[in-house]
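Survey of secondary and tertiary structure
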Amino acid sequence: MIVLDGVSKRYNGHTVLDEVSIAFGAEGVTALIGPNGAGKSTLFGVVGRLIRPEAGRVAVDGSDVATARSSDLAKTLAVLRQDNHIAARLTVHDLVEFGRFPHSKGRLTVTDRDHVDRAIEYLALDDFRNRFLDELSGGQRQRAFIAMVLAQDTKYILLDEPLNNLDLRHMTEIMKLLRRMADELGKRVIVVLHDINFAATYSDRIVAMRDGRVVADAGAAEIMRPEVLEAVYDTKVDVRQIDGRPVALYYS
Amino acid sequence: MLTDTVTGRTPAPARLGALWARPGLRLALLAVVALTLVAVYFFTDVPGSLAFAVKIRSLTVLAMLLVATAVGVSTVVFHTITQNRILTPSIMGFDAFYVLVSTVIVFFLGSASFLGADPLTLWLVQVVVMVAFSVFLFTWLFGGKRRSIHLMLLVGIVLGTFFRSFTEWMQRMLDPLDFQVLSDAMFASLTRPDETLLLLTGAVVLLACAAVPPLLRILDVLTLGEPAAVGLGVNHRRTLLMLFTIVSVMIAASTALVGPILFFGLIVANLAYSYAGTFRHVWTLPTAVLIGVICLLGGQIVLEQVFNLGGSLSMVIEFAGGLFFLYLVLRKGAR
């Protein structure tokens, strides 16, 4: 489990994380929702040891993120950030190979190559293997990055808004894929989402944040209620049952 | 791969293409060109004793090799660290700092001391001061809480501008003769280097180079940017401090030997990226070095043989480099 204990982070006096204590990373998919500036990305940054919190501690499977060896953590925890700008021209294959760095330190063994091949196959990227990233569509690009994270072969996979800038079809595709990764490969997926309907449909647990605090933490059925969502997003949300599933209507 | 259906053999153009796709072959080709140029430089137009000509000229070749290595390696590494390919380490104010240090020496001690001073002491002072300055800048702005490479670059630019203005102010108050000596010394000169300094610079550059191979694969990972590199288990701060020290030492040593060269690294690194056809530093670093040697030596040969000029190579390189920089900026803007 990934355990946060009283984690706080401030930027210029503005509190982004306010004594957050939470444990997540059980089997399945956990969705992290909340308005912009709620502290979701900062939370990921703290867990992914990119941001050092002012107070509190983060432990992944019992080892403290602040003191554990970075290269060891990279074998248990993979983080896919929101924007992945790369100055150099890389092919899909090159990118996915990078996922093996924590294990191989750059010298790929047969096992490493096997992982790379399987990750590429799993994300149906065989035909694009030797294409450059800048020659891919947004959906294919995102899949390539997920393949890299998958090749890293970690227990936990954290994805920060992987649906950004994707169309309907690709959003659904990525979410189904994350679901499959959790169900078939036993990955513990933690994903930041903005579309609460995606969160409700594909995740086992939803953690809602607001103003640097966790304000709700439950299954989809309990979160998908107008009063809960309105409190999280500070906007009017209607929830209807369609075919036995809760659907939030926030278009007005 | 394209295969001929009748004979089952790969057609010749495709085979050539596959060969050309191998970075090793491309690099070997560059090495051949570079060696040919060395031979041409050594053996054409020998006025007297061949042995003497080779001895004198090998000093120039060695100086070029050192400059090409220092500039090529440091620029490529700097590009990877900063995730930006139109910067050079000189943006941090390296060259400006070098000119400032020289100006301060002439200002306070006079040009006689500058000319008469032991070149070794001068070199040492400049190298130490430059490396100390850049490492200080790094630890101050990157070692602390903020850890922003962009802040560091920005401060570098601001300091560089400050150094330049300060230098200009001091130079205005210089004796005209002192000023002339100084401005002459501030143009990079590759021919006729001091032998002791050359060996010393060689040792320093070689030492810095020796630190690079264990970092090659980490450099590759840094191509992905800091967040991804940290996610893959790279100790970002420590690695950057190491790389940054290597860059500073190389730039300082080569600048103190031949003088400041601004745009050369930019040309060399960007040509290397497109020529090597891969992002892997195992290939881009030596490619950049060899392209540097070819540019310097080829330029020198053309200048000497075709235009009958000596010594002005650095100006030609700066001119071409400046144009190339504009081209890069405009191309980026057009996209």
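Criteria and cut-off values
Every chain is numbered independently, its residues counted from 1 as its sequence is written. Labels follow written order: the first chain is A, the first ligand is 1, and so on. Whole-chain, interface and lining totals are the exception, using all residues; otherwise, since this is a predicted model, local features are given only for residues with pLDDT of at least 70 and side-chain atom pairs are given and counted only at 80 or more. Based on all heavy atoms of the structure, the side-chain values leave hydrogens and waters out of the count. UniProt positions are given in the numbering used here, feature names are shortened, and annotations may be inferred rather than shown by experiment. Secondary structure follows DSSP: runs of H or I at least 4 residues long count as helices, runs of E at least 2 residues long count as strands, and numbering of each begins at the N terminus. Values of the radius of gyration come from C-alpha atoms, whereas the globule rule sets the reference at 2.2 Å times the count of residues to the power 0.38. Any two residues whose heavy atoms approach within 4.5 Å at even a single point are treated as in contact. To be clear on the numbers: accessible area is Shrake-Rupley with a 1.4 Å probe, and residue cover counts the displayed protein chains and nothing else. Under this rule, positive means Lys or Arg and negative means Asp or Glu; His and the chain ends count for nothing. To locate a charge, take atom NZ for lysine, CZ for arginine, CG for aspartate or CD for glutamate. Think of it in three bands: with a 1.4 Å probe and only protein chains considered, a residue is buried below 20% of the maximum accessible area for its type, exposed above 50%, and partly exposed in between. The buried area of a pairing is the accessible area, by a 1.4 Å probe, that goes missing from both parts when the two are put together, added over both. A pair is scored as a salt bridge if a Lys or Arg side-chain nitrogen falls within 4 Å of a carboxyl oxygen belonging to Asp or Glu. Two N or O atoms form a polar contact when they lie within 3.5 Å of each other; inside protein one atom must be a possible hydrogen donor and the other a possible acceptor, and for residues adjacent in sequence the pair counts only when both atoms belong to side chains. Throughout this description, the term nonpolar core refers to a set of buried Ala, Val, Leu, Ile, Met, Phe, Trp, Tyr and Cys residues connected via side-chain atoms within 4.5 Å. Here, any two strands with at least 2 DSSP bridges between them count as paired. Given the number of residues in a helix, its expected span is that number minus one, multiplied by 1.5 Å. Geometry is summarised by axes, namely lines fitted to C-alpha atoms with helices restricted to the contacting stretch, and by angles between N-to-C directions that run from 0 to 180 degrees. Pairing of aromatic rings covers Phe, Tyr and Trp, the last counted by its six-membered ring, and requires centre-to-centre distances within 6.5 Å; plane angles under 30 degrees mean stacked, over 60 mean edge-to-face, and any other angle means tilted. Site definitions follow a grid-based scheme: protein atoms alone, a 1 Å grid, a 1.4 Å probe that fits but cannot get out for cavities, and for pockets an open set with protein on both sides within 12 Å along at least five of seven lines, plus lining residues having an atom within 4 Å of a point. Grid points are joined across faces, edges and corners, and a volume is the space filled by probe spheres set on the points. Asp, Glu, Lys and Arg are counted as charged, while Ala, Val, Leu, Ile, Met, Phe, Trp, Tyr, Cys and Pro are counted as nonpolar; the rest, among them Gly, fall into the polar class. Every residue gets a pLDDT, meaning the predictor's confidence in that residue, from 0 to 100.

As recorded in an unreviewed UniProt entry, chain A goes by Iron ABC transporter ATP-binding protein and comes from Cryobacterium zongtaii. The UniProt entry for chain A carries the following text under Subcellular location (unreviewed entry): "Cell membrane".

Turning our attention to the overall build of chain A. Summing up its helical and strand segments, chain A has 10 helices and 12 strands in all. For chain A, whose C-alpha radius of gyration is 18 Å, the value lies close to the compact-globule estimate of 18 Å for 252 residues. In terms of overall dimensions, chain A has a C-alpha envelope of 55 × 45 × 30 Å along the principal axes. Long-range contacts, defined as pairs at least 24 residues apart, comprise 66% of the intrachain contacts of chain A with a sequence gap of at least 6. Of the roughly 11,500 Å² of accessible surface on chain A, a fraction of 46% belongs to carbon and sulfur atoms. Taking the 33 positively charged and 36 negatively charged side chains of chain A as two groups, their mean positions are separated by 3 Å.

Residues and elements named next belong to chain A. Residues other than glycine seldom take positive phi values, yet Asn-165 does so here, at roughly 60°. Along the chain, the position of Asn-165 falls in the loop between strand E7 (156-160) and helix H7 (168-185). Positive phi is not limited to glycine here, since Asp-243 has a value of about 50°. You can see Asp-243 is positioned in the loop between strand E11 (238-242) and strand E12 (245-249).

Quick look at the side chain of Lys9(A) now. Residues and elements named next belong to chain A. Here Lys-9 shows up in strand E1 (residues 2-11). Accessibility expressed as a relative area gives 11% for Lys-9, which makes it buried. When residues no more than four places from it in sequence are discounted, the contact partners of Lys-9 are His-14, Thr-15, Val-16, Leu-17, Thr-42, Ile-51, Arg-52, Pro-53 and Glu-54.

The next thing to look at is the interface of chain A and chain B. On the side of chain B, 18 residues touch chain A, which itself brings 26 residues to the contact. Counting each side, the surface lost to burial between chain A and chain B is near 1,900 Å², with a carbon and sulfur contribution of 64%. By the criterion of area lost to chain B, the three top residues of chain A are Leu50(A), Phe98(A) and Phe101(A), representing 30% of everything that side buries. Between the two partners, chain A and chain B, sit two salt bridges. For Arg280(B), the salt bridge identified is with Glu97(A), shortest N-O distance 3.2 Å. On the surface where chain A and chain B come into contact, there are five residue pairs in polar contact (both at pLDDT 80 or more).

As a further point, take the nonpolar core. Counting residues in hydrophobic clusters, the biggest one holds 163 residues, and the most contacted among them are Ile33(A), Leu95(A), Leu133(A), Leu229(A) and Leu224(B). Among the elements that take part in this core, helix H3 (residues 50-82) of chain B stands out by supplying 14 residues, more than any other. Setting aside chain neighbours within four positions, we find Ile33(A) in contact with Lys40(A), Leu193(A), Ile196(A), Ala199(A), Ile206(A), Val207(A), Ala208(A), Met209(A), Ile223(A), Leu229(A) and Tyr233(A). Among the nonpolar cores identified, the runner-up in size contains 26 residues, and Leu32(A), Ile51(A), Leu77(A) and Ile190(A) belong to it.

Turning our attention to the pairing of strand E3 (residues 28-33) of chain A. Residues and elements named next belong to chain A. Of all six residues in E3, six are buried; the element is thus mostly enclosed. One ladder, built from five bridges, connects E3 with strand E8 (residues 188-192); its direction is parallel. Considered in E8, the bridge of Leu-32 is made with Val-192. Here E3 pairs with strand E9 (residues 205-210) via four bridges, running parallel. Across the sheet, the residue bridging to Ile-33 is Ala-208, located in E9.

This brings us to the UniProt feature "domain: ABC transporter" (unreviewed entry) in chain A. Under the UniProt annotation, "domain: ABC transporter" (unreviewed entry) lies at residues 2-236 of chain A. Along residues 2-236 of chain A the backbone is 37% helical and 26% strand, and the end-to-end C-alpha distance reaches 33 Å.

Right, let's get into helix H6 (residues 149-172) of chain B. Counted at 1.5 Å a residue, the expected span for H6(B) with its 24 residues is 34 Å, and the 34 Å between its end C-alpha atoms agrees. Where H6(B) is concerned, the buried positions are Ile149(B), Met152(B), Leu153(B), Val155(B), Gly156(B), Gly160(B), Phe163(B), Thr167(B), Met170(B) and Gln171(B).

With that settled, the discussion passes to the pattern of salt bridges. All names here are of chain A. Under the defined criterion, the tally for this structure stands at 26 salt bridges over all chains. The closest approach of N and O atoms between Asp-64 and Arg-57, which form a salt bridge, is 3.2 Å. The exposure class of Arg-57 is partly exposed, given its relative accessible area of 40%. Note that Lys-187 and Asp-153 form a salt bridge whose closest N and O atoms lie 3.5 Å from each other. Of this pair, Lys-187 sits in the loop between H7 and E8 while Asp-153 sits in the loop between helix H6 (138-151) and E7, and the two are 34 residues apart along the sequence. Judged by its relative accessible area of 8%, Lys-187 falls in the buried class. Residue Asp-153 is classed as partly exposed on the basis of its relative accessible area of 32%.

What follows concerns the sheet that holds E8(A). Residue and element names in this part refer to chain A. Spatially, six strands are ordered E6-E7-E8-E3-E9-E10 in an open sheet, and the strand pairing comes out mixed. Of all the strands in the sheet, the pair left with one neighbour each is strand E6 (77-80) and strand E10 (213-218). Across the sheet, the mean angle from the axis of one strand to that of its neighbour is 15°, orientation sign disregarded. Pairing analysis gives four bridges linking E6 to E7, with the strands arranged parallel. Bridge pairing in E7 places Val-79 opposite Leu-158. Sitting on the sheet, H7 touches E3, E7 and E8, and the angle it makes with E3 is about 140°. Lying over the sheet, helix H10 (residues 226-233) contacts E3, E9 and E10, oriented at roughly 40° with respect to E9.

Each pair of aromatic rings is reported with the distance of its centres and the angle of its planes. Residues and elements named next belong to chain B. Applying the stated rule across the entire model yields 12 aromatic pairs over all chains. Ring centres of Phe-42 and Phe-43 lie 6.1 Å apart, and the angle between their planes is 80°; this geometry places the pair in the edge-to-face category. Take Phe-42: its relative accessible area is 14%, and that puts it in the buried class. Judged by centre distance (5.5 Å) and plane angle (35°), the rings of Phe-263 and Phe-325 are tilted.

On to empty space enclosed by the protein. Residues and elements named next belong to chain B. Under the defined criterion, the tally for this structure stands at five cavities of 30 Å³ or more. Put simply, the largest cavity is a space of about 160 Å³. Lining of the largest cavity is provided by 16 residues; of these, Val-71, Ser-90, Ile-251, Thr-255 and Ile-261 occupy positions nearest its centre. Where the lining of the largest cavity is concerned, the elements lending two or more residues are H3, helix H4 (94-116) and helix H11 (236-258). For the lining of the largest cavity, the residue count by class is eight nonpolar, seven polar and one charged.

What follows concerns the confidence of the model for chain B. Residues and elements named next belong to chain B. On average, residues of chain B score 81 in pLDDT, and 87% of them reach the 70 mark or higher. At the low end of the mean pLDDT range in chain B sits helix H1 (residues 12-20), at 67; at the high end sits helix H9 (residues 216-222), at 92. Predicted as a complex, the structure gets a pTM of 0.84 and an ipTM equal to 0.84.

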